[in-house]
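# Residue-level structural notes
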Number of protein chains: 2
Amino acid sequence: MKTTFGEYIRLLRNENELTLTQLAAKLNLDSANLSKIENGKRDFDEKRLPKLAKIFKLNLTELRNEYVTDQIGKHIYETNCTKQLLQVAEEKAEYRRTLNKSLQTQ
Amino acid sequence: MKTTFGEYIRLLRNENELTLTQLAAKLNLDSANLSKIENGKRDFDEKRLPKLAKIFKLNLTELRNEYVTDQIGKHIYETNCTKQLLQVAEEKAEYRRTLNKSLQTQ
DNA sequence: TTAGATTTGTCAAAAAATGACAAGTCTTAT
DNA sequence: ATAAGACTTGTCATTTTTTGACAAATCTAA
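Throughout, residues of each chain are indexed from 1 in the direction in which the sequence is written. Chain labels run from A onward and ligand labels from 1 onward, assigned in the order the entries are written. Local features in this predicted model are restricted to residues whose pLDDT is 70 or higher, and side-chain atom pairs enter the listing and the counts only when it is 80 or higher, whereas totals over whole chains, interfaces and linings include all residues. Hydrogens and water molecules were not included; the side-chain quantities draw on all heavy atoms of the structure.

The name given to chain A in an unreviewed UniProt entry is Helix-turn-helix domain-containing protein, and the organism recorded there is Pseudotamlana agarivorans.

Here's what the structure looks like:
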């Protein structure tokens, strides 16, 4: 089952038997804010991904994938984007890639 | 072929033979900023969608779909999200929907 | 060249995200 | 029951990001 990024952090934290305060300290943030992150009331700041990976000995690329898919999933959810529209969005992303390619050739 | 939202606005503007200055005035913004929007250097502010729909007699829901798919497409592009990861993101969106549903039953 | 159209650079203002603190609730051990 | 620690929530100042406006530049066609 897929989880939100916040739930994922909580899972990691519990597996490693850390309190909010302990993990927050390692991440250089307030336990209150970490609580909000775990509960989906705030976003985890992307700049802390390397630190998070290090703390739990995770592969940074994979962790970033977790993060990105969470963010885009949230975007899809918040905009009520249907599967059909998501297909269109994917095509538009592809279009941007071709735009970028043709820029580079010049 | 899919286009960016900025290119779409430019298309509409040209079809209707308006200058940047003319359309910008109808949208209550500066022609310089509209230029940046059309050229993908700024985002169109979502709050102007109703006005844009009215100016060009477009269905607001469809226009919003154009907008949303552009935004998500941009997000996909900027994060280098592959098709495989996008599938994961979609599953996470679905998960958020179930979360929301179970909240509502309580 | 000149006029109008468009683009670019810059900066202040507005809006959104973040961090921190205080005070609250919940849980568990005694 | 209550004390301690864990967690949650509300609020606000700070920081960051986005937006709007103006001035100056470039481009284009007569």
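Continuing now.
## Some words on the interface of chain B and chain A
Contacts: residue pairs with any heavy atoms within 4.5 Å of one another. Facing 33 residues of chain B, the contacting portion of chain A comprises 33 residues. With both sides pooled, the region where chain B packs onto chain A buries about 3600 Å², and carbon together with sulfur makes up 66% of that total. Only one rule defines a salt bridge in this text: a Lys or Arg side-chain nitrogen within 4 Å of an Asp or Glu carboxyl oxygen. The tally of links between chain B and chain A comes to 8 salt bridges. A:Glu90 is the partner of B:Lys83 in a salt bridge, and the nearest nitrogen-oxygen pair spans 3.2 Å. N or O atoms within 3.5 Å of each other form a polar contact, as long as, within protein, one can give a hydrogen and the other can take it, and as long as residues adjacent in sequence are counted only when both atoms are side-chain atoms. Counting the contacts that link chain B with chain A gives 13 residue pairs in polar contact (both at pLDDT 80 or more). Secondary structure is summarised from DSSP: a helix means a run of H or I of at least four residues, a strand means a run of E of at least two, and numbering begins at the N terminus for each. Of all the elements in the fold, those that place two or more residues in the side of chain B that touches chain A are helix H5 (60-78) and helix H6 (83-105) of chain B. Looking at which element gives the most residues to the side of chain B that touches chain A, the answer is H6(B), with 14 residues. Throughout, the accessible surface (probe 1.4 Å) given up by two parts as they are put together, summed over both, is called the buried area.

## A few points about the relation of the copies chain B and chain A
The copies were overlaid with a least-squares fit restricted to C-alpha atoms from residues scoring a pLDDT of at least 70 in each copy. With an axial shift of 0.0 Å and an RMSD of 0.0 Å, the rotation relating chain B to chain A amounts to 180 degrees. Between the two chains, the operation in question is that of a two-fold axis. By C-alpha distance to the rotation axis, the residue of chain B lying nearest is B:Ile72, at 3.7 Å. The share of interface residues of chain B whose copies in chain A are also at the interface is 100%, consistent with both copies meeting through the same surface.

## Concerning the protein's contact with DNA strand D
In these notes, residues near a molecule or strand are those with any non-hydrogen atom within 4 Å of it. In the vicinity of DNA strand D lie 20 residues, with A:Arg10, A:Leu20, A:Lys36, A:Lys41 and B:Arg42 positioned nearest. Protein-adjacent atoms of DNA strand D, using a 4 Å cutoff, are sugar or phosphate at a proportion of 47%. Within the side chain of B:Arg48, an N or O atom sits 2.9 Å from a phosphate oxygen of DNA strand D. With 4 residues, the top contributor of residues to the surface near DNA strand D is helix H3 (residues 31-38) of chain A. Side-chain classes follow a simple rule in which Ala, Val, Leu, Ile, Met, Phe, Trp, Tyr, Cys and Pro form the nonpolar group, Asp, Glu, Lys and Arg form the charged group, and the remainder, Gly included, forms the polar group. Of the residues contributing to the surface near DNA strand D, the split by class is 4 nonpolar, 5 polar and 11 charged.

## Re the layout of surface pockets
The space that makes up the largest pocket amounts to roughly 460 Å³. Using a grid of 1 Å spacing that covers the protein atoms alone, one calls a set of points a cavity when a 1.4 Å probe fits there but cannot get out, and a pocket when the set is open and has protein on both sides within 12 Å along at least five of seven lines; lining residues are those with an atom within 4 Å of a point. Lining the largest pocket are 22 residues, with A:Arg96, A:Leu99, B:Thr4, B:Asn39 and B:Gly40 sitting closest to its centre. Counting only elements with at least two residues in the lining of the largest pocket, the list comes to helix H6 (83-105) of chain A together with helix H1 (5-15), helix H3 (31-38) and H5 of chain B. Broken down by element, the residue count for the lining of the largest pocket peaks at 6 residues, all from H5(B). The residue makeup of the lining of the largest pocket, split by class, is 7 nonpolar, 6 polar and 9 charged. Grid points are joined across faces, edges and corners, and a volume is the space filled by probe spheres set on the points. Approximately 280 Å³ is the volume attributed to the second largest pocket. Around the second largest pocket, the lining comprises 13 residues; the ones closest to its centre are A:Thr4, A:Asn39, A:Gly40, B:Arg96 and B:Leu99. Of the residues forming the lining of the second largest pocket, the biggest block, 4 residues, is contributed by H6(B). For the lining of the second largest pocket, the residue count by class is 3 nonpolar, 4 polar and 6 charged.

## Let's talk about the state of the cysteines
Disulfide: a pair of cysteine sulfur atoms within 2.5 Å of each other. Counting across every chain of the model gives 0 disulfides over all chains. You can see B:Cys81 has no disulfide; the closest cysteine sulfur is in A:Cys81, sitting 13 Å from it. B:Cys81 sits in the buried class, given a relative accessible area of 1%. Categorising residues by exposure relies on relative accessible area from a 1.4 Å probe, with only protein chains included: less than 20% of the type maximum marks a residue as buried, more than 50% marks it as exposed, and the intermediate range marks it as partly exposed.

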